[in-house]
Structure formats: structure tokens, C-alpha cells
Amino acid sequence: MRRVFLLLLLGLVTWVHADVTDCTTPPSEVSALQALYMSTNGDIWHWRTPYSFYGYPWNFTATANPCDQSKSWQGITCEQHGSTCNVLGIDLGSYDLRGVLPKELGALSALQVIHLDNNVLTGSIPPEIGTLTALQDLYLQVNRLSGTLPSTMSQLRQLQYVEMGNNRLNGTLDGVGEWAVLKYLSLDHNFFTGSLPDTMAALTAMQSFDVHKNLLTGPVPTWIGNWTQLEYFDVDGNLLTGTIPSQWGNLTKLLNLYLNANRLTGTLPVQLAQLRSLETLALDNNRLNGSIPVAFGQLTQLKYLSLSNNKLTGSLFPEFGQLTALQSLYLGSNHLTGPLPRQLGQLTAVEYLDVSENRFTGPLPVDLGQMTKLSNLYMQANLLTGPLPSQLCATAIGDIFAAGNLFSGELPACFANFTQLSLAGNRLNGSLDAQFFSAALVSCSLSHNALTGRIPAVPRHSPLLYLELQRNRLNGTVVLASQRLLSLNVASNALTGPFPWANASQSLQYLNVSNNRLTGTVPAAPDALFLHALSIDASFNGLSGQLSDAFSQAVNLTYLRLAYNAFTGPVDALVDVSLQGQLSSIDLMYNRLSGSLPASWFALPQLTVLLAASNCFDEAVPADVCGAKNLTTLVLDGMGSDLACNRRLLPWSPADIYSLTSLGQQAPPFPACVFAELPRLRTLHLSGLGLAGDLSSATQLPATLVSLSLSYNQLDGTIPAAFFAHPVWNELDLSFNRLRGQLAALANGSLEAALNLQINHLSGAVPPTVQALADVNILNGNLFTCPYDSTAQNHAGLPAADPNAASYRCGSNEMDLILYSWMACLAAAALVAASIHQWWYDLSPLWSLFDDLRSRPGGHRVYNRFVRSATGWLAEIVTLLVFSVVVCGPLFAVLKRWYDVYEDQYLWTLSAGFLSGAVPAAALYCLVIAFVGHFLYRRRLLPDGDGDAASEVEHTTDATKAGHVDVDRRQLAWFIGASTLLSGFVLTVNGIYVYLLQYSISASSATLLAVAVSLVKLASNQLCLWLASRVPSSPTVVSSLIAFLCFNSIVAPYLIEGFVSTSCFYYATIAAVPVVSSTVRLPTCVAVLNPDIYKFESQFGAVIFQCYPLSRVLAYQPPFVYSFNCSSTLLATFAPVFALRYMWSGVAQPLLQFFVDRWLRRARTSSQWTALLETAQTPHWRLIRRLHGMASTADCETAIAQSAVRDLWDQQKFTAPLVADLLVLLTFGVSFPPLSLLVAWSMCASVVDHWLFLRELLRYCPVEKAVAAVGGDPSEAQSSPRADLIARQLQAVEVGISFAEDLVRRLELPLLTLVAMFWAFTLFDTVGDVRGGGGVAMVVMTVAAPTLLVLGAEAWRRRCCIAGLRSAAVATERKGAEVSGAISAEDIEMTIASSQTEEIVTVNPMVAAVSPKS
């Protein structure tokens, strides 16, 4: 209509112009035209030729007359009124006017037509245009006008045709309703807002209304039903809402209706079926629902129907077959169901049929073969079933798109005559015809089916450009001879053979042969092969061998993926940096490549993605990595830790366990420049490389960085504030490092991030923003604070989503609770001491007994050995306790201020196990030397006597005889076997405890479990002592007893923690480090066919290469990297157990025995309760209670005979648990001084308990019975003097003490070795935590060498001492010296001096010897 109107207008203008005679144009109008000329750069207008036909260029001379008939101005139409000619029209469309509309145009009062379309007019429409009241036609479309419609335009009441589309106008349409005679309005492609005003209802002459592509809102007005002359209505691409009014049925002349791309809702009004003249109905891209009215079948003139992208339901009615004039039918992207009606075959005029993305079911009607003009068929993403009918080949179909259905059966061979064939994602089976790619196919997509057989050959001159066959069951090799094929995707099949070099097309741009069974090496390719390749993907195959320069000739290569193969060797020749400047993505993950990453790769100007995870490369990141300024993705996780290059730590380690670097090898540095010099970095993964250094240089991160993984490295220092202030994180993984310090609040954009900081040295409170994260793992291996009452039911201050939240122990709350409980018990014990004092009767009978002994010749030696034995133990305990508390406690407290592993407020910092650094290591080394020297100096835990040499020799001989008691071999084997089984049980209990504590136990249950394990340890020790009491004492028995006690207390915790705890060597000896996986958005590139493929005369540009981010799961096997936290983990795990164990034996048990004894003594009658309480007493307490109140000697003798009193006073077995406790004090106790208080208290309680027993035995039983109780013969008590009898009976005890002393001397070397190993391991962790493996190689030698040297010297000295004593005894016998009393120490010294052995004789320095001279 517009074209016809313009032709009529041109004829009218020509007629008017022909009638113009000589006349003059008003100067005001000439000035207005001159203003238009000047404001729009008239000098550069594009004048049309010939001038004789189009008119002459404008000339503003003094005699210029635009309406001069002889030289009329181009684009000007005039009308004569007498001698005056007025400008009637301006037609300068497409004259390249550049500028603004001048306000002087208002002077053209007679102007009726303005044609200034298709120019470059800018600015706004001048308000003066409102004075042109005669204006009928206004054409300003396709310019750059902006602003609103002037309000003065409402005065233009003669306007009939207005077209101002394709500008930048805005505002509302309120003034349009004043244009009463308006017939044609086009304001499309602007920015008008608001609703359609009701004033427009008066525009009843409207024939064409076009406001599409604006921002209009509100409903579609019902008053449009008044526009009965309307033929064209287009509001496409606005924001209109509401329903479609039923009044549309009144518009019987309507030919074209466009309501598409709005927000219309509701159902399709059946009144639309009354528009019998309608040819175009576009309602797509709305929110319409309901079914399609059957009455639509009456729209027999309809040529174009688009209802796609709505929410329509129901099925297609057979009446669709009545729309015989229909040429295009679009019903895609709805919820239509049911089968496709066979009546669709009656639409013989249809060229485009789109029923895609619905829920149509059933087979495809064979009647579609009657649609002879059908050229494009879109039916993808439905539920259509059955075979594809070959009748479709009878149509004019060139393109068929049926992907994502359930079609089955074989593919008809005639489909090869189509141009584009897309049948991906169906259930097609069978094989392809051998000539399938020889006909007319240009694009073929048959992926995601079940096709079998071999891939048909692609002939040399085949028109095929695009071929997709991935995810089928095709086999054989790829035969490609085509010179036109641009894209080939045969991924995820069962193709075999070598890489398809020889058959590859030279024009190939995209090749994907991934996830097949290709094998062999990749030989060098001809120079012309892959010359134009843009993308090559050969991942997930079995290709092997070294990578040659096969791909370096592809000068246009941008994407190279060779991941998941078995390539080996270096990669230096893979890329030619000088030729392949377009290369942007390299993926070499999961191979066995070695050497180092070429530094030249990072000079590639377009490099954006580099993936080399899980290979055998050197762990060091090239220093030139920051040269790739466009790098967005760098993933090198475990690039040196593939299983093919593992290095076993131990011969028995599993095959998949390997270490990162050899011990002592320097760790590669962390490339700190990546944060400052790679501004486009988005994903950075450098995990499992053992990188050393800190992150202090990361003061500002790239704004695009969203994924960062630096786990399994050796990074130390604090986490920079920039990490927490970063605006957006998707993933932040800094786990398994040595980072320390406290956390800060995350930015708001990172509240959905995945945060992993486990196994570091972090401390302090957890910020609320971190607590609220849904994907967080920070508690394991760190020491955060939280409220004291935080339990499994109350996780205040902890992230609830953390997998360890239920079992996390905040700081050292459990240990604090144990210590506070012990302090309360200690206070209670102090209160009880006052009541005990009343019960603690005078020990005068005992001291008077010993006075009788000392008065006899030689009696002082027995007194010294017996009485001072316990005193020696107490002196040793007190000395070590003072050294631990007074020296170690303050030292650890000072060192932790600067050198602690965790910065926390709890008592764990007062421990050697939580120190880190060279300075603490030196301090601890000095402590170790001090402990060793102290133990050697006071090595005799029991005192020597100060008798003569003969008595000393006699004592040594008696001790030797006492230590070689004949023991039944069966009894000995029974004891050793039972002890071994008990050791296995203890080891199992420790293992269960460590496992549960580490993996699956809550914090509230941890203390209960520690109590249970402590009771098991205590019970196992008592059981072993009971087993030892069943066999006679011997060196083997006592040595086995001490070995078991030491194993239970020291060795078992170390073995279990070392092999079971993941903080120690579990991942080096038992199992491999768990595979670490993370989801990363990595760029994935695919080739798609250009929709305008037919426009390309050449093949280049027909395939579009697109890259988009795709979430991929990256998994790699991290190497074992020792964290140097084993000693601290050991202390944190077992210190509560030892504390509870010694609280029981040192505080609770003595108090329990005391109160039970008092209760039973006051009980008048026996009952079940008294019997139950009696079982809780120790044997000697039960003996004392039985002796209490007995008057007769016979009763006393009977009570003693029923008790194993002799075993209770076996000094060898009494010494064994004290030695084990001493080792705990020297190791765990000194490492954690609060624990040494408990150990010392328990040892003192054990010694005092025996003193109390002796006191009570002498009090309640006659002396003779007491003598019998400790091993004498009661019959001798009637005939021998009292003191002599006691002297002889106590001799057995004295000999036992002597043997115990000798036993301790013999165990000095293994005991000190055990202590040295404990401290060597602590030093190993202390130094290694800051120096790594290279700083700890000499720790064991440093500690062990002085210890072994001193012990060797002491062993030689002791041997010489024994030889000297024996020589002195022999010399005394030969001289006939009479020994009636005691030989003084001075005599022995003189005798030894005469034998030149003076320098090797020692006197026990543990306690001061009691001089025989008074």
C-alpha cells in the first residue's frame, strides 16, 4: 500500500510542478530551506542525476528561486498562488542528510509532505513543526532522531500518513489521538513507553498501525474494535499484558495481525475465527494457554500462522486440513500432545512446518508425503515414534530436523537426497548405506543413536560440509577423501586403528575423534594436512608414544585437545609458536607426559586455556607463565603425579601411593605473578604441586577470577585480605597447606561459593559469612574457636554445612574440661587430707623396727635399701616434675607467642607438639639433651648401700641369684603369649579410637570415648600385672612386663596415630590419597553449521566455531605430602586419654579405696552391697580390712595366708609400672606440662600406697605375721630374736630391690632410645613445618648421635665398675680380711684405687647415701 501511495504522490507532484509558471518564492520559505541545507551539511548531500529529470542542486544566490520552472530544485515541490509559489513538499529521502532539523521549518506554512527518511538526522523534532497545520505526510523513518514527540504536534490535525520508525524516540503516545484523519502510523523500533491512550479510539480511519519493537505496556485496548477500516496491526516486541480482546472479531477487513513477542496471557479468543480475510496471524512468544480453537479451521485465507513459544495444550484438530492456503505453520515450543493428524497432508501449499518442542506422540503420518511444496520440516524434541516414512522423499524437503524423538528402525537411503538432515538423539539402528554421503547432503547430524557398522566413505567431490556421528556404535576406521568436508565429529563410538592422518581431508576445520579406541602413535603428518584446522580433539583414546610435530603445521589451529591418552615424553615439538599464533586452548590432561611445560607456550598471544593436570611433568610452574596476558584458564592440578610416574615411599606401600618430591629436594616456588599480571584470569588450579612460598603478594586479585584451587601444596603465611574481599567466588580451595592466621568476612558476591580450607593452621573465630556457606569444609585440621557450650546439638560459631561440624572439637575444650575436673579433684583431695590425717596413725612401730635393724652390724644397708627405695622414686618424680613445670611450661609459653602452629587461646599452645620453627627446634633439642643428661646422672633409681666391699659383692651376687629364678618354660610361654594377645587388643582399641575420633564421632561423644579408652588402658595394665603375678619373677618376665606397659603407653599410640591418622602416614602406607575432584567451568568448543550456509559461495564460513563454558568434573590423584602435624595430632588425640587415666589412678582410685574401706569398716553386717564394695578394693586393702579387729594370731595367720601379699611386695613388678609412667612423663608429660602434673601425682600415689600398706600391716598384725607376709617363715619367729628374724626376712625384699635396680640399669639404653625417638619425631615436625623435607634430614641423627655416644660411654664405664668391684672382693679374700661388720666406703675406695680402677667406681647419686658412721 505504501509503495502504491508513493507512486501516486510522485505523479501528483509532477503535475503540480508542470503547472508552475514564473513566480516568486517567499523569502521566509527560502530562508527555511537554507537553514535545512546548512544544518544538515548540504555540501555533502548525494544529488541524483540527471538533473534535468530530478531537478538541480540547491543554489542560494541572490536570485535563487526553488520553484523556478527552468531550474527547479531537486526534491522540492511547489504550488502557485498567483505570482507567489509556496513550497508544498520536501522529498530528500536517502540524500545523506547529516545534522538536526532546524526550527525554521515552521516557516513553510503551506508544507503538506515531508520526506526525510533514510538519512542521518539527529537531535529532537523541533516544536515549530506544530505550525505546519497543512501537513498531511510526515516520513522521518530510519534516522537517529531522539527525544519525545513535541506536544505541538497535536495541532497537526490533517496528518494522514506518519512514519517515524527506526529512530531513538521516546516518551508516550498521548498526542497521537488528536490526528483525527490518520490512516497510516508507523513508529516501530523506538523507545516509546506507556500504554496505548484511550484518545486513540477516535482514529476510526486507521488502516495501518505499526508500533512494534518499542517498550509499550498495559493491555491490548478493547476500543480497537472500533477501527473497522484496519488492515494491518503490528505491536510485536513490546511489553503488553492481559488477554486478547474478543472485540477483534469486528475487524473484518484485517489482513495482518501481529501480537507476538509480548506478555499476553489467557486463551485464544474464538472470535478471531471471524476474521475471514486474515492472511497473517502471529501470536508467538507470549504466555497464551489453552487449546487452539477448532473454529480456526474457518480461516481459509490464512497464509501465515505462528503460535510457537506459548503454553498451548491439547491436540491438533483434523480441521487444520481446511487451511489450504497456508504456506507457513509454526506451532513449536508449546505443550501440544497427541498424534499429528493425517489431515496435515492436505496442506499442499505449506513450505515451512514447525511442530518442534512439543509432546506429540505416535508415528509420523505418511500423508505428509503429499505436501509437495514442503521444503523445511521441524519436528525435533517430541515423542514421535516408529520408523521414518520414506514417503517424505516425494516432497520438496531440503531440510529436515527431527532430533530428540523416539524414531527407530533403519534410516531410509533416500534421505541422502536431502540437503540438511538432523536426526540426532533418536533410536535409529542399522548401518548406513555405503553411498549415503555421495548424494546431496551438505549437513548431516545422526549423533546419539544406535547406528552400527562402518562409516560410509565420503567421496572426494561430495558436497558434504558438516558431519556429526558421535555417540553411536560405529566401528572400523575413518575413510575421508572429501576435499570439502569442514567438520567431522565421530566421538564416542568404537572406532579403532590409528589416528586418521592418511585419510583426513585437507579442508577439515573441526575434527573430533574423542572417546574411541584409537591406538598407536601419532606420526608426523604431511605439511598440507590440517592446514586449515581450527579444532582437533583426540581425547579419551588409547594413543601413545611421544608427541611429534604432527600438529605444528596447522597454522590456524585454535583448539587442541589430546587429554586422556597415554602419550609420553616431552612436548617441546607439539606447538610451533612462530606459526600457530592463533592457538588459544591446549588440553593435555591425564597423560604421561614428562619434562617441563615449554616456556615459549606462554608467549602465544591468543593463549587463553592451558590444561595439563595429572601428568608426569616437573612440578615447577614455568616462570614465564605470566607472559600469557590473555590467559583465562590454567589447570595444572597434579601435573607431576600421574600413577605412571609414582614414587613409592616404602617397599610395601600400595602401588598408587607416591610422594611429591624426594626427601630433601627443594620445593618449587609458587608463581606469585599470576595474580598481578594475568588480568583476565578466571580459573586457576595449581593443586598437588608442592609449591612453596606464601600469598602475601596477592594484594589485589583479577576481577574475573572465580575459581582458585591451590590445595596440596606447601604454602605458608596468612591468607591475604584480598581473598576475602574478592567480589565473586565460585570456588576457593586452599586446603592441605600450612596457612595460618584468622579468617575474615567474605564479600556478598561469594556467599554461594565452595570454600575448602581444611588441613591448615588456621585459628580464631569463624566469620558469620563463612558460617552461612552451603558448601564449606574448613574445620578439619584447623583450630577455630567457638562458644564453650558448643556441642553436636549446638553448633554456635561453626558452619553448619561443614562435614565435620558434628564431630569438631573447638580449640581444646575437651582438654580444658579434663584439666578443670582434675583441679577440682585435687581440691577435693586437699580437703580429704585433713580427715586422712586423723586416720593416719603414728608410724613409730615401723621406725622402731628399723632402728633395731640399724643397731645391728650391717643392718643399716638393709634399712637404706628398703626405706630409701620409695624415697628414691619420689625424689626422681619430684625432680622431673619440677623440671617439666618450672622449665618446660614457661619455655613453651614463651615460644608459642611467636612460633606456635595455631594462634588460639586454649591450653594446647602450652605444648611442644604445637611449636614450629628452627628456634623452637633448637630449644627442644636442648631440652632433650638436658633430659638425657639428667637421666644418666640420676640413672640409679634405687640407692646403693654404704657397707663394705664384701657386702657389696654379696649383694650383687644375691641379686644375680635372685634374678635367675628357675621358671617353668610353659608358664613363661603362657605369660608372653597372653601379653602378646593383650597387646593386640590394646592396639585394636587404640585404632578404633583414632578412627572414630577422626571420621565419625561427635564432639559430645569424644570425651566419653576418651574415658572408655583410658579405662581400657588402665585395665590392660592391671591385667598384665596380674598375669605377671601368676609366674615367678625372672628377668624375662619383668622385662616382658615393662615392654608391654611401654607398648601400651607409648608405642601403641604412636603406631596407631602414624598409620591410621590422615595427618600422619596413613596415605603413605595404607591407602592412596583420595582422588580430589572439583567442578570447573571450562571452555568447550563445537562446530555448528551456519544458518546462512547457502549464501557462501566458498566453503569457508559455512561452519561456525563456537566456544562456551561447560561444567566439567576434574579429578586427579594428589601426591602424599607430609603435613608435619603428626606429633601435634598425636598429642591432641591421646593427651585427654592419659589425663583421664592418671586422674583415675592418681586421684579417683585412692579416694575410692579410702572411702570404701571406711564404709566397710563401719558396716555392722554383711550384705550384697558390702560384698560388691569389697570387690572394688585392691588385694592389700582387703587384707588390711580383714586384719582390722582380729585379736588372735591364728586369725591373722589365716587372713595373710588367703592373700597374695608376697606378690604385692615384689619390688621388680612394683618397679615396672613406675618405669612405664616415667616414660609417659618424659614424653607426653614433658611435651604437655599440665599432663606431667597428673602423671607425677599418680606415681606418688602409687609409692605412698605401698607405704600405707606396710604401716597398716605392722599395725594390725603381730610382727612375726608381718614378717611372714613379706616372704619369711613364721615358724622361725618363736626361736629367733625379733630383729634378727626381721633382718633375715627383709633380706628377700632387699635382694628384690637390688634386682629391680639392676633391671633399670639394663633398660637404660632402650628406654632412653624410646624417649629420644619421641623427641626426634617432635623435632622433625617442628623443623619440617617451616623448612619442609629439606630441613629435617639431620634431626634424627642430631638427637640420636649424642644419646648413643653417651650411652655407649656409660655402658663401658659400668662394665669397668663391675670388674673393679669383683677385683676388690677377690683381693679382700686373699688378704684374709675379716668382715664382721661393714667395710667402710673409704676401704673399698682404697682397695679399688690400689687396683687402678678408681675412675670407674660410682656411688648412686639419686639419693644421698646414709653414712654408717654417726
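Residues numbered from 1 in each chain as written. Predicted model: local features only at pLDDT ≥ 70, side-chain atom pairs only at ≥ 80, totals over all residues. Heavy atoms only, no water.

K.L.:
Any chance you could explain the overall build of the protein chain here in plain terms?
P.N.:
What the protein chain contains, in helices and strands, is 27 helices and 59 strands. Residue burial in the protein chain is summarised as follows: out of 1414 residues, 55% are buried. Excluding contacts between residues fewer than 6 apart, the proportion of contacts in the protein chain whose partners are at least 24 apart in sequence is 57%. (Helix = DSSP H or I, 4+ residues; strand = E, 2+ residues; numbered from the N terminus. Buried < 20%, exposed > 50% of the residue type's maximum accessible area, 1.4 Å probe, protein only. Contact = heavy atoms within 4.5 Å.)

K.L.:
I'm lost on unusual backbone geometry in this one. Help?
P.N.:
Residues other than glycine predominantly adopt negative phi, and peptide bonds predominantly adopt the trans conformation. A cis amide bond links Thr-49 with the next residue in sequence, Pro-50, at an omega value of 0 degrees. Within the secondary structure, Pro-50 sits in the loop between α2 (27-39) and α3 (51-54). Positive phi, normally seen in glycine, also occurs at Ser-492, with a value near 60 degrees. Inspection of the secondary structure puts Ser-492 in the loop between β36 (487-489) and β37 (494-495). A relative accessible area of 14% places Ser-492 in the buried class. Here the phi dihedral of Ile-759 falls at roughly 55 degrees; this positive angle occurs in a residue that is not glycine. Looking at where Ile-759 falls in the secondary structure, it is placed in the loop between β54 (754-756) and β55 (761-765). Residue Ile-759 is classed as buried on the basis of its relative accessible area of 9%.

K.L.:
So what exactly am I meant to see when it comes to the sheet that holds strand β57 (residues 783-785) here?
P.N.:
Sheet strands pair by backbone hydrogen bonding; their relative direction is either parallel or antiparallel. Across the sheet, which stays open at both edges, the three strands sit in the order β53-β55-β57 with parallel pairing between neighbours. Every other strand in the sheet has two partners, leaving β53 (740-742) and β57 as the edge strands with one partner each. Here the strands of the sheet are splayed against their neighbours by 10 degrees on average, with no regard to which way each runs. Note: β55 against β57, three bridges, orientation parallel. Bridge pairing links Ser-763 to Leu-783 in β57. (Pairing = 2+ DSSP bridges. Axes fitted to C-alpha atoms, helices over the stretch in contact; angles between N-to-C directions.)

K.L.:
Looking at this structure, how should I read the sheet that holds strand β41 (residues 542-546)?
P.N.:
The sheet built from four strands is open, its strands ordered β39-β41-β43-β45 with parallel pairing. Of all strands in the sheet, those bounded by a partner on one side alone are β39 (519-520) and β45 (592-593). Examined bridge by bridge, β41 and strand β43 (residues 566-569) share three bridges and lie parallel to one another. Residue Ser-544 lies in a different strand from β43, and its bridge partner there is Ala-566.

K.L.:
When you look at the packing of aromatic side chains in this model, what are you seeing that I'm missing?
P.N.:
How two aromatic rings sit relative to each other is set out by the distance from centre to centre and by the angle between their planes. The tally for this structure, following the rule as stated, stands at 39 aromatic pairs. Connected via pairs of aromatic rings, a cluster forms that spans Tyr-1054, Phe-1065, Phe-1138, Phe-1228, Phe-1318, Trp-1319, Phe-1321 and Phe-1324. Sitting above the plane of the Tyr-1142 ring, Arg-1141 keeps its charged end 4.4 Å from the centroid. (Phe/Tyr/Trp six-rings, centres within 6.5 Å; stacked < 30°, edge-to-face > 60°. Lys NZ or Arg CZ within 6 Å of the ring centre and 35° of its normal.)

K.L.:
Explain the state of the cysteines here, please?
P.N.:
Cysteine pairs can be linked by a disulfide, which is a covalent bond between their two sulfur atoms. If you walk through the whole model with that rule in mind, you get five disulfides. Disulfide partner of Cys-393: Cys-414, at an S-S distance of 1.9 Å. Because the torsion about its S-S bond is 65 degrees, the bridge between Cys-393 and Cys-414 counts as right-handed. Here the residue Cys-393 occupies a position in the loop between β27 (383-386) and β28 (399-401), and Cys-414 occupies one in the loop between β29 (406-409) and β30 (420-422), the gap between them amounting to 21 residues. Residue classification places Cys-393 among the partly exposed residues on the basis of a relative accessible area of 25%. Judged by relative accessible area, which is 22%, Cys-414 ranks as partly exposed. (Disulfide = S-S within 2.5 Å.)

K.L.:
Would you take a moment to explain a nonpolar patch on the surface for this structure?
P.N.:
Where nonpolar side chains cluster on the molecular surface, the patch consists of Val-878, Val-882, Val-885, Val-886 and Val-887 and spans about 360 Å² of accessible area. Mapped onto the elements, Val-882 comes out in helix α9 (residues 859-899). (Patch = residues over 30% accessible without salt bridge, like charges linked within 9 Å, V, L, I, M, F, W, Y side chains within 5 Å. Areas by Shrake-Rupley, 256 points an atom, 1.4 Å probe, with all protein chains shown as cover. Salt bridge = Lys/Arg side-chain N within 4 Å of Asp/Glu carboxyl O.)

K.L.:
Got a minute to help me understand the pattern of salt bridges in this structure?
P.N.:
As a working rule, side chains carrying opposite charge can pair if their charged atoms are close by. Under the definition given, this model contains six salt bridges. Residue Asp-96 is joined to Arg-98 by a salt bridge in which the shortest nitrogen-to-oxygen separation is 3.0 Å. Here Arg-157 makes a salt bridge to Glu-178, at a shortest N to O gap of 3.2 Å. Here the residue Arg-157 occupies a position in the loop between β7 (146-148) and β8 (161-163), and Glu-178 occupies one in the loop between β9 (168-171) and β10 (184-186), the gap between them amounting to 21 residues. For Glu-178, a relative accessible area of 32% gives the class partly exposed. Because the salt bridges share partners, they merge into one network encompassing Asp-537, Arg-561 and Asp-587.

K.L.:
Looking at this structure, how should I read the environment of Gly-314?
P.N.:
Mapping Gly-314 onto the fold places it in the loop between β21 (311-312) and β22 (328-330). Owing to a relative accessible area of 28%, Gly-314 belongs among the partly exposed residues under this scheme. Residues Gly-314 and Leu-336 lie 22 residues apart in sequence; the distance between their C-alpha atoms is 5.2 Å. Those residues in contact with Gly-314 that sit more than four places away from it in its chain are His-335, Leu-336 and Thr-337.

K.L.:
Looking at this structure, I do not really get the pairing of strand β31 (residues 427-430). What am I missing?
P.N.:
Where burial is concerned, the two faces of β31 differ: the one with Leu-428 and Gly-430 is buried and the one with Arg-427 and Asn-429 is not. The pairing of β29 with β31 spans two bridges and is parallel. Paired with Gly-409 across the two strands is Leu-428, which belongs to β31. Bridge analysis of β31 against strand β33 (residues 450-451) gives two bridges, and the strand direction is parallel. Bridge assignment links Gly-430 to a residue of β33, and that residue is Leu-451.

K.L.:
Got a minute to help me understand the side chain of Ser-585 in this structure?
P.N.:
Summarising the element assignment, Ser-585 is placed in strand β44 (residues 585-587). What makes Ser-585 buried here is its relative accessible area of 6%.

Honestly, it's all geometry; don't read function into it.
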